[in-house]
Amino acid sequence: MVRQFGVEANVKEEFLQVEKGMKDSPSSERLLAYENCVAMAGSNVKKDHRDKEQLHISSFARLSQELGLGRSLGKTKEMGILNLGTDDEVEVWGYRRSWFKLGLTVVSIVLTAGLLGLPLYWIERFWLYCTSEQCSLADATQVLLVDHYKGIHTSRYVKDVKIIKHKEEDILLPVEDESNFKRTREIRFFNMKKRKYIWDSEDSNFFQCTGLDRNITLAELHSYSDGLSTLESDRRKVLYGENTIKVPVHGVLVLLVKEILTPFYVFQVFSVCFWYADQYWMYASAILLTSAVSLGAALYNTRTTQHNLRDTIVSSEAVSVFRADGTKVRVMSSDLVPGDLIEVPDHGCQMHCDAVLIEGQAIMNESMLTGESVPITKTSCPTEQMIYNSKEHEKHTLKCGTQVIQTRKHRGQTVRAVVIRTGYLTTKGDLVRSILYPPPVDFQFESDSYKFILVLAMIATIGMIYTLAKMVKDDESASDIVLEVFDLITIVVPPALPAAMTIGVVIAQQRLKIKKIFCISPRSINVAGSLDCVCFDKTGTITEDGMDMWGIIPSHLGLQSIEDHEKPASTEFCEPVKNVGEVKLESKILIGMSVCHELNVIDGEIMGDPLEEKIFESTDWSLELDGEEENQVDRLVMPYVRSPVRADESVIQAAPQRVMQFSSDIQCMSVICRVFQEHPDVGFSQPQCFVYCKGSPEKIRRICRKETIPPNYAAILDHYAGQGYRIIGIAYRPIPPDMAKTARINKLTRHEIESDLSFLGLIILENRIKPISTAVMKELHGANIRPIMVTGDNILTAVSVSRNCGLVPNSEKLIRVVATVEDGVPCVRYHPLAENAISEVDKLETKLDIAKRYNFALDGSSFDVISTYFRADLLPFIVRRGAVFARMRPDMKQQLVEILQDLDYFVGMCGDGANDCGALKAAHSGISLSEAEASVASPFTSKTPDISCVPLLIQEGRAALVTSFGIFKYMAAYSITQFISVMILYDIYSNLSDSQFLYIDLFIITSLAAFFGLNRAYEGRLADHPPDNSLISMLPLFSLLSQLAIVTTFQVIALFLTKSQDWFVGFDYENPCYTGTKAEGTFNKSGLLKLEKCDPEYDPVASYENYAIFSVSQFQYIILAIAFSKGAPYRKNIFNNLPIIFDIGILTAFSTYLVLTPHEVFINGFIIGFELFLPPQEEFRIILISLVLANVVVSIFFESYISDGLVKKFLRRKNTTHDILDEELQKKTDWPPVTESPGSDHSSPVKDSPMKNDVVITDKGVSDPNDAFDSLFSTPASISHTSAAIFLNPPPFSPKKGTPLSAINLKSSNESTPNKKSFNSALSTPGLTETDSSESSSKFVSCNSIAAENGLDHRRAADKGSEDSSDVYR
């Protein structure tokens, strides 16, 4: 969607409006609002009209500044916003071609011999600025798209606006936010990231082209039951294009040109040409050869990757399509369009589009998307006036890339589906987009790298200016000046830097592959090394995939015979039954366990959800089909269940008539079945019809009649959930015979089916913790990496598992946070979750021992309430100490990951199911434990199905990060070291010889850089802190600058030490052979005369100064490699890297040989002649070697003990947001106010305990948040407080705003933390005056008086708060 803004917009008013609506406006920006940061908090409020949308001021202001618009908004009519309020929100600016600017730019490019064209090619928007002018979006021929990734990284794209024109109005144009189409003669659009954005001339806006699933009702989908005409299909194909997920595969020539024109290769071409011009042909030839090999390998890998991806993704086959004239035609799947009616074949097929079933059923294998190879039954959608939603109606949707295993239908029926999405609009297309356009995970390191290179370029510029001034002053020739000046660029900015930077990542990727961890985004490996927080799913991740039946806890009603369903029975719980086979076959609960499921019989095997398989297996019943399985495709039948033979030789059968499939939103599933008995003599009995429903205990409790719920229901549930068991409730209801007709059953709504039920009992399953989980948690805690459990399971089950696996250490307190909205008032309570550790005295008033660390546990509903009402004031503190998040929906998991990132955590996510995909994508490093193609949702996939991959990935990530930093520092230090050597020699008009350059660049630097990354990851325990992740930080800069200072010092010492000798004669460029000096004899004996370089025109360099500088500097490159090659705690010691040790040994031996007694061939030989002018005294040569040894000691001492020791300790300060929050919490010793949980007695699972005192944080308004919170702490707790609800007077909120939000702030008593980021900006009341504040001031008063005045039923409120009312996942 595009939002157009008028030219006369009042900036100040717009900004205030944005600030006022900040907490209600969705955005892709950071979730939490901080000081000095305009952030837009999330909201689910749907905007009904564009005039109600808020101006995205932060992004808008940034782009205005970039375009030089200053403080005004400029020509705002040229700008709009696409996908407002989503993660894909981007700004769009209109441009049209300016022929004057284009001509001027072309002339400038020609005059600069194409040099100006290179930056215009590299940075596409610069070409746009130079050749086009801003215009309205309606007139734009090009658009500039600006994507602010989470407000911290900006990407820009330039796209052409394409136009399709027809003579007649036969082009279909989707109507925005409507399900119908309109006709037009012209369509204007552009494509970005495989999505099409269409211009609507009537509404004057761009909007994203979506499929058929835009505000379409289920009834409207059924209106496509006749199919499209051929003409209509062709019209829609113009709009949607081919139904293919095209992966770009470029030709070799195109790839070659693109690669050569990258800045890296352009710089290499420049360097090679320069070196040939400077007669440095040996190194130029070597670089040219290696670059050609590297380029060839890069092209081969790119082509291979493109072909493999295309072969994996692109597929097409013939599909049967129904036309409006009643015919059925066969077309290629690439010709399908949204609205086509297709036939789903009986034998199964692969889906090439997203479609909604409107007739029949299909059993699907969705492992490609979910990672779970569990057959899923898809049913036809009902004919209702309900808006289709892909999530809510997932059970009716066939997704692209999934496999149809089998279809079911009535005899003579055809299984049909309406195509709703094609191409990149499909679910599979979205996954491929995530591969082609991954998020910029390592943008900080990349940005720092560019800044560092810019600093190197500035250093080169300073050297160039100095050299230029000196040579001009000395009347050097123009050619010599150009060669010498530009030579400094190739020295300071090494062309091999980008290639060297990839070594650590490539090697880490190969090592991960050996450890069965596969990576589709190598750039994410470095980021994995910075992780300091990891979120884990529970089931299948921390615990085993499968579950074992522990037993059941039936009620007396549940054990009653199905034949006696009209007789009254006690609703109390019976004794637990561990062997389900002991239960009578005719009991209600056993029949319910055998029939209430979604299992199928496929190829003679029972297949379905593993949990349901375990429950059904425990009943000893059988699942059968009526007739031969191969004939089932002709009838819409579901498998029926059959009991073992009873004592009277009769058999009970239950046949499902209607199945309401499991929904995570509804938390349950149900079955309407007919139950009858088969006697060998009498035959079949009269069938009885029943509804059976199973789901989360919380859900079952709500939909059952209260009188059927056992009185100790909550205590029993908490007792078993607290031990880590998986608990499922089951209930039933008989259907009277007059309502049991098939037609009436089919008309029942789900709400009618799943209501007024009678509770039968609890099914208890045991989910074992994987053996490796405990060890991994211990290792993460030891490394100060925060583990968090994010699951869809029961909160007490999750808490128990978290305790047992070590995610929450036994030494730390665990507090449950219960947040509810009662009568429109949000309340937050805190209850301890200790195991049998609360004494009777403690129950009256429970306070934390602050010496012990505490953590929070909360469920999805509480998380949702806190996110909505206490987002800025309480949520950051809850998330900071949150350890267990239960009953979390997939979107909540993703939201939690993003909030943790807002708290400056580097977040990892480890999961195995489809409900983890969003969080896996959002995390800095997502690790999927699925072997299916769903792993494309995360950058890492582990073939080992446990969390042992997490510390392995962190180990390799840290090693790769340290390697990348080390090699970057090494290449930068090498460049500046050589720059220093050259500048010293330039001062006397000398230089290093070509052989010396060649030896340093090709043999020393290249070999050491190649072997630098071979250090393996440290295999001991993870270090207690991650390595630095910013190049532009104090520690890396101090390390580099200190080493450069040492390098400079020792080179200067070597130079002055040489000059102080009696035999020293300074180099004279006009007398390079020392004719007539005391060094003439030594020079003649050295063999240098054979080089015939006594003429200055041959650029002689042999001198005592050259010898001293080269002798010391060649060792310095080796010393730098040793100093920067860090070992423990992130990498193994350098001595474990045998290749680099051998290389260092060989290089050191040869360098020593060159310094002491080189053979004449290494002085004046062809290519290998170093042109060394050795001093006449051998003792001096040994002195230089001693100087080198001193350099070794000083460099390693400074790097190991000063930089990595003292400086690191001094700089290691807690300045991240989560550290600041932790400091705040430590100072607030009275928070949180903890009281015993109401409605349950932890010491006894059978009895309900009386209500205890609750401290309830409610929100009726407060003038000063800090005063409010301080007074909360001072509220006395005593047994006379029958209610702990604390009411505040409501502040003056705008009537347009809904429920007032809390403004509670945690602040230390009598002091505040300096530089603390504020979390209040999103919750401040705009326009609140001093008068308003005084009128709304209030204090905490007696809870008893408030309860009396307000009539607050605190027991009811507490019961509501103790319930798990959020979503559940199987």
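Calculation rules
Residues numbered from 1 in each chain as written. Predicted model: local features only at pLDDT ≥ 70, side-chain atom pairs only at ≥ 80, totals over all residues. Heavy atoms only, no water. Core = buried A, V, L, I, M, F, W, Y, C linked by side-chain atoms within 4.5 Å. Buried < 20%, exposed > 50% of the residue type's maximum accessible area, 1.4 Å probe, protein only. Helix = DSSP H or I, 4+ residues; strand = E, 2+ residues; numbered from the N terminus. Contact = heavy atoms within 4.5 Å. Disulfide = S-S within 2.5 Å. Pairing = 2+ DSSP bridges. Axes fitted to C-alpha atoms, helices over the stretch in contact; angles between N-to-C directions. Expected span 1.5 Å × (residues − 1). Bend = angle between axes of the 7 residues up to and from the residue.

Judged by nonpolar contacts, the single largest core of 103 residues is most densely connected at Tyr970, Met971, Ile1004 and Leu1008. Residue contributions to this core peak at 17 residues, all from helix 33 (residues 949-986). Leave out the neighbours within four places in its chain, and Leu1008 touches Tyr970, Tyr1117, Ile1118, Ala1121, Ile1140, Asp1143, Ile1144 and Leu1147.

Bringing the side chain of Ser964 into the picture now. Its location among the elements puts Ser964 in helix 33. Take Ser964: its relative accessible area is 1%, and that puts it in the buried class. Apart from the residues lying within four places of it in its own chain, the contact partners of Ser964 are Phe445, Met501, Val505 and Asn526.

Our next topic: the state of the cysteines. Evaluation of the coordinates by the stated rule reveals one disulfide. Disulfide pairing is shown between Cys1073 and Cys1094; the S-S distance is 1.7 Å. Every disulfide takes its handedness from the sign of the S-S torsion; for Cys1073 and Cys1094 that torsion is -100°, giving left-handed. Remark: Cys1094 occurs in the loop between helix 36 (1080-1085) and helix 37 (1104-1124) and Cys1073 occurs in the loop between helix 35 (1034-1059) and helix 36; sequence separation between them is 21 residues. Between Cys596, a free cysteine, and Cys693, which holds the nearest cysteine sulfur, the sulfur-to-sulfur gap is 6.3 Å. A relative accessible area of 2% places Cys596 in the buried class. Sulfur of Cys668: no disulfide; nearest cysteine sulfur belongs to Cys693 and is 4.0 Å away.

Our focus in this paragraph is the sheet that holds strand 9 (residues 186-192). Ordered in space as 6-9-10-11, the four strands form an open sheet in which the pairing is antiparallel. Each edge of the sheet is formed by a strand with only one pairing partner; in this case those strands are strand 6 (162-165) and strand 11 (205-208). Looking at each pair of strands side by side, their axes are set apart by 30° on average, direction ignored. Where strand 9 and strand 10 (residues 195-200) come together, five bridges link them in antiparallel fashion. What sits directly across from Phe189, in strand 10, is Ile198.

The subject of this paragraph is helix 16 (residues 503-514). The end-to-end C-alpha separation of helix 16 is 17 Å, in line with the 16 Å expected for 12 residues at 1.5 Å each. Every buried residue of helix 16 is listed here: Ile503, Gly504, Val505, Ile507, Ala508, Arg511 and Leu512. Buried residues belonging to helix 16 abut helix 15 (497-501), strand 22 (517-519), helix 17 (524-528), strand 42 (940-942), helix 33 and helix 34 (994-1012).

Its 19 residues give helix 34 an end-to-end C-alpha distance of 25 Å, which sits within 8% of 27 Å, the value for a rise of 1.5 Å per residue. For helix 34, the principal kink sits at Ile1005 and spans about 30°.

Let us now look at the pairing of strand 34 (residues 758-766). On a regular strand, each side chain points to the face opposite its neighbour's, so the side chains alternate between the two faces of the sheet. By the criterion of burial, strand 34 is predominantly enclosed, with eight of the nine residues buried. Examined bridge by bridge, strand 24 (residues 548-554) and strand 34 share six bridges and lie antiparallel to one another. Along strand 34, the bridge assignment pairs Asp548 with Glu766. For strand 33 (residues 725-735) and strand 34, the ladder comprises eight bridges, and the chain directions are antiparallel. If you follow Ala731 over to strand 34, its bridge partner there is Phe759.

So yeah, pure geometry; function would need other evidence.
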